[in-house]
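So the chains spell out like this:
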Amino acid sequence: MDQGNCTGSTEFILLGLSQMQEVQLLLFFFFLLFYIIILPGNFLIIFTIQSDPCLSSPMYFFLANLAFLDICYCSVTPPKMLADFFSLCKTISYGGCMAQLFFLHFLGGAEAFLLMAMAYDRYVAICKPLHYAMLVNREICCTLVGAAWAGGFIHGIILFGLSIQLPFCGPNILDNFFCDVHQLVKLACTDTYAVEVIMFLNNGVVIMMCFILLLISYAALLLRLQTHSLRCESKVASTCISHIIVVFVMCSPAIYIYALPFQAAPLEKVVAVFHTVVFPLTNPMIYTLRNKEIKSSMRKLINKYISWQMKS
């Protein structure tokens, strides 16, 4: 089939992850199974934290928000990707492309800023424990979460504003399974050097700065823990290590994709799958698997539900 005839001037063609029908079918069942297992787990994390008074500390408040953000983030590109596995002609409208681009970076930026808020929470808990209740109260937590969402919105709206003004009058094929700025800008029929520079600063530089600041802050915290008691050190260090794992999981693919200006990265589609589909859903699970309190609360909640089901 001639893919150039699949779309009009108001649409883009997505080449997807593979052109082989057998591979597409295998990927569809893999991602569907992944969603069936992991996505309800994230909802369970949120419900557990909201229903257990013992999990009312700021750390769990941030974790619930992270789980919610990741659920939203994974609702941007995967539904379209799963549907396209059964489409001979994978197209996306201009409006759908712009919406996908905006929400992808809006939610991704909000998650990066939320991780910085979580680092602040751990800093105060370790370095200023006597002032923790005052410096990380519920009002400040809500402010930090609101600031993370606002920062993500600004990040996304800048990229959206730059992308929506680009003229597209030539090729309309994107070698990916979703719309993203660094590929979309290459299709514009105008000089895009200035736009690419701004996009690089808003994407690559921002994520690199967040990554470096987070690594420095957690390295400093781990060094500070050496002055604490062994029991306290072990518990808090485990939490910090969970945070560091999530920072690497979230930032590394983003740096690989966006920190190389004006060029496409090798294996970009493979890295993008993990960045937009797999890793976001597993982030809250990483925290949960290393946290005894929340695992205990989840078991109690599940057992209570099973007992209620057996009685009814």
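In the nomenclature of an unreviewed UniProt entry, the protein corresponds to Olfactory receptor from the organism Gopherus agassizii. We quote the UniProt Sequence similarities (unreviewed entry) comment for the protein here in full: "Belongs to the G-protein coupled receptor 1 family."

Side note on the UniProt feature "transmembrane region" (unreviewed entry) in the protein
Taken from the UniProt record, the annotation "transmembrane region" (unreviewed entry) applies to residues 25-47, 59-78, 98-120, 140-164, 205-224, 236-258 and 270-289. Secondary structure within residues 25-47 divides into 100% helix and 0% strand; the distance between the first and last C-alpha atoms comes to 33 Å. Here residues 140-164 is 100% helix and 0% strand, with 35 Å between the C-alpha atoms at its ends.

As for the sheet that holds strand β2 (residues 91-93)
In spatial order, the strands read β2-β1-β3; together these three strands make up an open sheet with mixed pairing. This sheet does not close on itself; its edge strands, each paired only once, are β2 and β3 (173-174). Direction of pairing for strand β1 (residues 11-14) relative to β2: antiparallel, over a ladder of three bridges. Paired with Ile-13 across the two strands is Thr-91, which belongs to β2. Along the sheet, helix α4 (residues 94-127) contacts β1 and β2; its crossing angle with β2, the most-contacted strand, is approximately 85 degrees.

Some thoughts on the packing of aromatic side chains
Taken as a whole and assessed by the stated rule, the structure comprises 19 aromatic pairs. Taken together, a centroid distance of 5.3 Å and an interplanar angle of 90 degrees make the contact between Phe-12 and Phe-168 edge-to-face. Linking Phe-12 in strand β1 with Phe-168 in the loop between α6 (138-164) and β3, this pair joins segments that are 156 residues apart in sequence. A single burial state applies to Phe-12 and to Phe-168, both of which are buried. Feature note: the residues Phe-68, Phe-102, Phe-103, Phe-106, Trp-149, Phe-153 and Phe-160 constitute an aromatic cluster, connected by ring pairs.

Observations concerning the state of the cysteines
Enumeration over the complete set of coordinates arrives at two disulfides. A sulfur-sulfur distance of 2.1 Å marks the disulfide that ties Cys-97 to Cys-179. An S-S torsion of about -120 degrees defines the bridge between Cys-97 and Cys-179 as left-handed. Residue Cys-97 is found in helix α4, and its partner Cys-179 is found in the loop between β3 and α7 (181-184); the two are separated by 82 residues along the sequence. For Cys-97, a relative accessible area of 0% corresponds to the buried category. Two residues, Cys-169 and Cys-189, share a disulfide whose sulfurs are 2.0 Å apart. On the S-S bond that ties Cys-169 to Cys-189, the torsion sits near 140 degrees, and the link is right-handed. Taken together, the residues span a long stretch of sequence, with Cys-169 in the loop between α6 and β3 and Cys-189 in the loop between α7 and α8 (193-224) at a distance of 20 residues. Residue classification places Cys-169 among the exposed residues on the basis of a relative accessible area of 60%. The thiol sulfur of Cys-142 is not disulfide-bonded, and the nearest other cysteine sulfur, from Cys-141, lies at 6.9 Å. Of all cysteine sulfurs in the structure, the one in Cys-251 sits closest to Cys-210, which takes part in no disulfide; the separation is 6.9 Å.

Here is what the cut-offs are and how they apply
- Residues numbered from 1 in each chain as written.
- Predicted model: local features only at pLDDT ≥ 70, side-chain atom pairs only at ≥ 80, totals over all residues.
- Heavy atoms only, no water.
- UniProt positions renumbered as here; feature names shortened; annotations may be inferred.
- Helix = DSSP H or I, 4+ residues; strand = E, 2+ residues; numbered from the N terminus.
- Pairing = 2+ DSSP bridges.
- Contact = heavy atoms within 4.5 Å.
- Axes fitted to C-alpha atoms, helices over the stretch in contact; angles between N-to-C directions.
- Phe/Tyr/Trp six-rings, centres within 6.5 Å; stacked < 30°, edge-to-face > 60°.
- Buried < 20%, exposed > 50% of the residue type's maximum accessible area, 1.4 Å probe, protein only.
- Disulfide = S-S within 2.5 Å.

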